[in-house]
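An overview of the molecular structure
So you can see what is in the structure, the chains are spelled out below.
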Amino acid sequence: MSKKRTILAIESSCDDTSVAVVKGGKILSNLISSQYFHKKYSGIVPELASRAHIQVISRLTADAMTECSVGFDEVDAIAVTSQPGLIGSLIVGSNFAKGLAVKYNLPIVPVNHIEGHIFSGCLQEPKVEFPIITLVVSGGHTALFRVDSYNKYKILGLTRDDAAGEAFDKIAALLGLGYPGGPVIDKLAKQGNPKAYDFPRSMIHDPGFDFSFSGLKTSVRYFLNREFPDGTPEEKIPDICASVQAAIVDVLVAKTIKAANKLRIKSVTIAGGVSANSQLRSQMKKEAAKRKIRTIAPDMGFCMDNAAMIGFIAEKKFGEEIESFRDLTFVVNPASMRAERKKKKRN
Ligand code: KG4
Ligand code: ZN
C-alpha cells in the first residue's frame, strides 16, 4: 500500500481564501475565508480580492494546521492553485506557497482549480467508481467532463459565453437582488412558480454538449423592460426567480443526463458554486434516478471554492511522484478553459 501523504493545500483563485490539510485522501481541516465586502460593488473587484487574500492567508494557514494539530515537520508537500482564476489572487496564493516551500524545504505541486472541482464529489465518497460524468458549474466556469480516473478526463462541452453562475449573478443584478445572485435566486424561487414565465433554454436540443447562457440574461432584460418599464413589482420577483432558475437548471440537467446516456455512464457528479443550488441538486437526482444513474452532489462546504479539493487531487494524481515537484519557477495562468480552447483552435 502506498504511503499516506500529508498535504498542505492553498486556494486563492478568486474571492475565497482557503487552506486545508489532507492526509491519505482524508480532509483533516479545510478553512475558508470569504470576501463578503464585494457585495457592495455588485461583483468581484480583482485588486481588492488580492489584497484581502494577503491579509488573511498567513493566519488561515496557521489556524488550519492548529485545528488538526499538524506541524510543518509532518507535511510532505504543498499544493497550490496555479490556474485558472484572477491573476492577482493566484499570485498571492502561489507566492505564499512558494515561500513556505523554500522555508521548510518542501515539494510544491501547482494544481488546476477546475481539476479540483471535478473531483470534489470524491471528497466525501472515497469509493467513487469511474467513469463519471461531471458537471462543473460556478461563477466563472460551466463545463461537462467524462472522467475515467484521477489522471484522465476529457472535456465534453464548455459554455460558449457566460457561465451558469454568471447568469444567476447578472440576472439577480437586473432584479436588484445584489451579489452573489445564485443563493438569493435559489431562496426566492422556493416561493415562486417555475412555469410563470417561459425563458429560453439555449442549446438544450443541440446535439453537442456546449452551453450558452448569455441569451437568457438578454431575454430577461428585454422581458423586464417590456413588462415592467417602471421597475419590477416586488410580488413578481419570486415567479421570475423560479422561472429563471428552471431555465438554467433544465439545460444543466438535460445536458448532463444526455452525456451519461450517450456514453453509457452510470454516475454523475456536480461541482462548483452553482452545485449548491437546491433545484439543481434535486432535479439532477430525480432525472438520474429515473435512468438508474447515481448522482453525487458534494457537501455544501465542498461546492464552493475550497483548498481541500486542491490537496485531494494533488495527492491522488501525483501520489508517489510528489517528492519530485521542486520547481519554484512555475508561473500562474489566469486563462479560462474557454480561452485555452480558443487558443488551441487558433494554433
Ligand atoms: O465556485 P464558486 O464559489 O466560485 C467560482 O469559481 O466562481 O461559485 C460562485 C458562483 C456564483 O456565481 C454564485 O452566484 C453561485 O456560485 N452560487 C449559486 C448558489 N450558491 C452559489 N448559484 C445558484 N444557486 C445557489 N444556491
Ligand atoms: Zn471555483
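Just so it is clear, the model here is predicted, and its values are computed rather than measured. (Residues numbered from 1 in each chain as written. Chains lettered and ligands numbered in written order. Predicted model: local features only at pLDDT ≥ 70, side-chain atom pairs only at ≥ 80, totals over all residues. Heavy atoms only, no water.)

Concerning the overall build of the protein chain
Put simply, the test is: The way it works is that DSSP assigns letters per residue, a run of H or I at least four long becomes a helix, a run of E at least two long becomes a strand, and they are numbered from the N terminus. In this description the radius of gyration comes from C-alpha coordinates, and the expected globular size is given by 2.2 Å times residues to the power 0.38. Note on exposure labels: buried denotes an accessible area under 20% of the residue type's maximum, exposed denotes more than 50%, and partly exposed covers the range between, all computed with a 1.4 Å probe on protein chains only. Contact definition: two residues touch when any of their heavy atoms are within 4.5 Å.
On a plain count of helices and strands, the protein chain comes out with 11 helices and 10 strands. Rg of the C-alpha trace for the protein chain: 20 Å, near the compact-globule value of 20 Å for 347 residues, within the 12% margin. Counting all 347 residues of the protein chain, 53% fall into the buried class. Counting contacts in the protein chain only where the partners sit at least 6 residues apart, residues at least 24 apart contribute 74% of the total.

What to know about the environment of Pro 131
Take Pro 131: it is sitting in the loop between helix H3 (113-118) and strand S6 (132-137). In this structure, the C-alpha to C-alpha distance between Pro 131 and Tyr 150, residues 19 residues apart in sequence, is 10 Å. Discounting chain neighbours no more than four positions away, the residues touching Pro 131 are Arg 146, Val 147, Asp 148, Ile 265 and Ser 267.

Some thoughts on the nonpolar core
As a reminder, the rule being used: As used in this record, nonpolar core signifies buried Ala, Val, Leu, Ile, Met, Phe, Trp, Tyr and Cys residues forming a set joined through side-chain atoms within 4.5 Å.
Formed by 47 residues in total, the largest nonpolar core has its most connected members in Phe 199, Ile 240, Ile 248, Leu 252 and Leu 280. Secondary-structure elements contributing two or more residues to this core are S6, helix H4 (164-174), helix H5 (181-189), helix H6 (214-227), helix H7 (237-263), strand S9 (267-271) and helix H8 (278-290). Looking at which element gives the most residues to this core, the answer is H7, with 14 residues. With near-sequence residues (within four places) excluded, Ile 240 lies in contact with Leu 175, Tyr 197, Phe 199, Phe 223, Leu 224, Phe 228 and Thr 232.

Comments concerning the coordination of the zinc ion (ligand 2)
To be explicit about the condition: Donor selection uses N, O and S atoms within 2.8 Å of the metal (3.2 Å for Na, K and Ca). Since no water is included, sites may look incomplete. Any site counts as irregular unless it has four donors with all angles between 85 and 135 degrees, making it tetrahedral, or four or six donors with opposite ones more than 155 degrees apart and the rest between 65 and 115, making it square planar or octahedral.
Surrounding the zinc ion (ligand 2) are the protein donor atoms His 113 (NE2), His 117 (NE2) and Asp 305 (OD), at 2.1 to 2.2 Å. Considering all four donor atoms around the zinc ion (ligand 2), the spread of angles at the metal, 90 to 154°, places the coordination shape in the irregular class. Each donor residue of the zinc ion (ligand 2) lies on the same chain, and together they follow the pattern H-x3-H-x187-D. Residue His 117 is found in helix H3, and its partner Asp 305 is found in the loop between helix H9 (300-303) and helix H10 (308-318); the two are separated by 188 residues along the sequence. There is no split in this pair, since His 117 and Asp 305 are both buried.

A closer look at the side chain of Ser 50
Inclusion rule: The term polar contact refers here to a pair of N or O atoms within 3.5 Å; inside protein, the definition further demands a hydrogen-donor-capable atom paired with an acceptor-capable atom, and it admits residues adjacent in sequence only when both atoms are side-chain atoms.
Its location among the elements puts Ser 50 in helix H1 (residues 46-67). Taking relative accessible area as the criterion, Ser 50 reaches 10% and is therefore assigned buried. A polar atom in the side chain of Ser 50 sits 3.1 Å from the backbone oxygen of Glu 47. Beyond its immediate sequence surroundings of up to four residues, Ser 50 is in contact with Gly 88, Ser 89 and Val 92.

Regarding the sheet that holds strand S3 (residues 26-34)
Put simply, the rule reads: Paired strands, as defined in this entry, are two strands with at least two bridges between them according to DSSP. Every axis in this analysis is a line fitted to C-alpha atoms, fitted for helices over the stretch in contact. Angles between the N-to-C directions lie between 0 and 180 degrees.
What the five strands build is an open sheet, ordered S3-S2-S1-S4-S5; its pairing is mixed. The sheet is open, and its two borders are formed by S3 and strand S5 (108-112), each paired with just one other strand. Neighbour to neighbour, the strand axes of the sheet diverge by 20° on average, direction disregarded. Sheet topology places strand S4 (residues 77-83) next to S5; five bridges connect them, and they run parallel. Its bridge partner lying in S5, Val 80 is registered against Pro 110.

Observations regarding the site of ligand 1
Inclusion rule: Summary of the distance rule: residues count as near a molecule or strand when at least one heavy atom falls within 4 Å of that molecule or strand. Following the grouping adopted for this structure description, the nonpolar residues are Ala, Val, Leu, Ile, Met, Phe, Trp, Tyr, Cys and Pro, the charged ones are Asp, Glu, Lys and Arg, and the polar ones are all others, Gly among them.
Not every one of the 20 residues close to ligand 1 is listed here, only the nearest: Gly 139, Asp 169, Gly 182, Asp 186 and Gly 273. Asp 169 has a polar side-chain atom sitting 2.7 Å from an oxygen atom of ligand 1. Within the contact set of ligand 1, an oxygen atom lies 3.0 Å away from a backbone nitrogen or oxygen of Gly 273. Elements with a minimum of two residues in the shell around ligand 1: H3, H4 and H5. At four residues, H5 tops the list of elements feeding residues into the shell around ligand 1. Residues belonging to the shell around ligand 1 are distributed by class as follows: six nonpolar, 11 polar and three charged.

Re the packing of aromatic side chains
Condition: Stacked, tilted and edge-to-face pairs are distinguished by plane angle, under 30 degrees for stacked and over 60 for edge-to-face with tilted covering the rest, among Phe, Tyr and Trp rings (Trp via its six-membered ring) whose centres lie within 6.5 Å.
One pass over the full model with this rule turns up 12 aromatic pairs. Each ring, one from Tyr 150 and one from Phe 312, has its centre 5.9 Å from the other, and the planes form 75°; the classification is edge-to-face. With Tyr 150 in the loop between strand S7 (142-149) and strand S8 (152-158) and Phe 312 in helix H10, this residue pair connects regions lying 162 residues apart in the sequence. The burial state of Tyr 150 is the same as that of Phe 312; both residues are buried. Seen from their ring centres, Phe 318 and Phe 325 are 4.7 Å apart, and the 55° between their planes marks the pair as tilted. Like Phe 318, the residue Phe 325 is buried in the burial classification.

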